[in-house]
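The residues making up each chain are set out below.
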Amino acid sequence: MVDTQTIKESPILTRSTELYMGLCQLSAQMHTQLNYNDLPALRETFKNFRYYMYELYYLLIDLYEFDPELKVSVDRWSMINKVPVKKEREFYTESLNIFKNMKTELNRLSIIAIVEGY
């Protein structure tokens, strides 16, 4: 039988993979709902999206050196609790852009490379 050793960050990488894949699915769903202007469904999807973003960000922020601009963007984004109805589309679009920037940052940190199997 082969000896195996557990990696210290293995549970974190496993959970971050689950969150990342969930975020990809939710962002695709949000894009579709934005395109079809289905705001009631988008509000519900966004709740899950936001929970996943928070968890992924706070799970990795202490282990990796995130880009300072991304940190500021996420911190500012997380402080917004109530969005006026007239600004909802803009806020959801901004949220998707923050996720896009986070994906770029995760790729730079070689976290997505592990997730995507490169």
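None of the values given here were measured: they were computed from a predicted structure.

Enquirer: Before we move on, could you go through the overall build of the protein chain and cite the residues and values that matter?
Expert: Within the protein chain, the secondary structure is distributed over five helices and zero strands. Each helix and strand of the protein chain, placed in order from N terminus to C terminus, yields the pattern α-α-α-α-α. In the protein chain, which comprises 118 residues, the share counted as buried stands at 35%. At a minimum sequence separation of 6, the contacts of the protein chain that also span at least 24 residues come to 76%.

Enquirer: Any details on helix H1 (residues 10-35)? Residues and values, ideally.
Expert: For H1, built from 26 residues, the straight-helix expectation of 38 Å at 1.5 Å per residue is met to within 8% by its first-to-last C-alpha distance of 37 Å. Residues Leu 13, Ser 16, Leu 19, Tyr 20, Gly 22, Leu 23, Leu 26, Ser 27, Met 30, Gln 33 and Leu 34 constitute the buried set of H1. One or two residues past the end of H1 sits Asn 37, with phi positive at roughly 55°.

Enquirer: Give a description of the nonpolar core that names residues and reports values.
Expert: Core analysis: the largest hydrophobic core is formed by 28 residues, its most contacted members being Phe 49, Met 53, Phe 66, Tyr 92, Met 102 and Leu 106. Sorting the residues of this core by element identifies H1, helix H2 (39-60), helix H3 (68-78) and helix H4 (88-108) as the ones contributing at least two each. It is H2 that provides the largest number of residues to this core, a total of eight residues. With residues up to four places along the chain from it excluded, the contact list for Met 53 reads Leu 23, Trp 77, Ile 98, Phe 99 and Met 102.

Enquirer: With reference to specific residues and values, describe the packing of aromatic side chains.
Expert: Two aromatic rings are characterised by how far apart their centres lie and by the angle between their planes. Counted under the stated rule, the structure contains eleven aromatic pairs. Taken together, a centroid distance of 6.3 Å and an interplanar angle of 85° make the contact between Phe 46 and Trp 77 edge-to-face. Taken together, the residues span a long stretch of sequence, with Phe 46 in helix H2 and Trp 77 in helix H3 at a distance of 31 residues. Residue classification places Trp 77 among the buried positions, given a relative accessible area of 1%. Measuring from ring centre to ring centre gives 6.0 Å for Phe 49 and Phe 99, while their planes differ by 85°; the resulting arrangement is edge-to-face. Within this pair, whereas Phe 49 is found in helix H2, its partner Phe 99 is found in helix H4, the two being separated by 50 residues in sequence. Each member of the pair, Phe 49 as well as Phe 99, carries the same accessibility label: buried. Site record: aromatic cluster; members linked through ring pairs are Tyr 20, Phe 46, Phe 49, Tyr 54, Tyr 57, Tyr 58, Phe 66, Trp 77, Phe 91, Tyr 92 and Phe 99.

Enquirer: Requested: an account of H3, with residues and values cited.
Expert: Taken together, the buried positions of H3 are Leu 70, Val 74, Trp 77 and Ser 78. One side of H3 carries all its buried residues, which in axial view fall inside an arc of 95°. Projecting away from the buried face of H3 at angles above 90 degrees are the exposed residues Pro 68, Glu 69 and Arg 76.

Enquirer: Which residues make up the packing of H1 against H4, and what values do they have?
Expert: A pair of packed helices can be characterised by two numbers: the angle between their axes and the separation between those axes. At a minimum axis separation of 11 Å, H1 and H4 run at an interaxial angle of 150°. Here H1 and H4 pass one another in a crossing that is left-handed. Contacts from Tyr 20, Leu 23, Cys 24, Ser 27, Met 30, His 31 and Leu 34 in H1 reach Arg 89, Tyr 92, Thr 93, Leu 96, Phe 99, Lys 103 and Leu 106 in H4. Class assignment of the residues belonging to the contact of H1 with H4 gives a composition of nine nonpolar, three polar and two charged.

Parameters at a glance
Residues numbered from 1 in each chain as written. Predicted model: local features only at pLDDT ≥ 70, side-chain atom pairs only at ≥ 80, totals over all residues. Heavy atoms only, no water. Helix = DSSP H or I, 4+ residues; strand = E, 2+ residues; numbered from the N terminus. Buried < 20%, exposed > 50% of the residue type's maximum accessible area, 1.4 Å probe, protein only. Contact = heavy atoms within 4.5 Å. Expected span 1.5 Å × (residues − 1). Core = buried A, V, L, I, M, F, W, Y, C linked by side-chain atoms within 4.5 Å. Phe/Tyr/Trp six-rings, centres within 6.5 Å; stacked < 30°, edge-to-face > 60°. Arc of directions from axis to C-beta. Axes fitted to C-alpha atoms, helices over the stretch in contact; angles between N-to-C directions. Left-handed = near helix turned anticlockwise from the far one by under 90°. Nonpolar A, V, L, I, M, F, W, Y, C, P; charged D, E, K, R; others polar.

Purely spatial values, then, with no claim about function.
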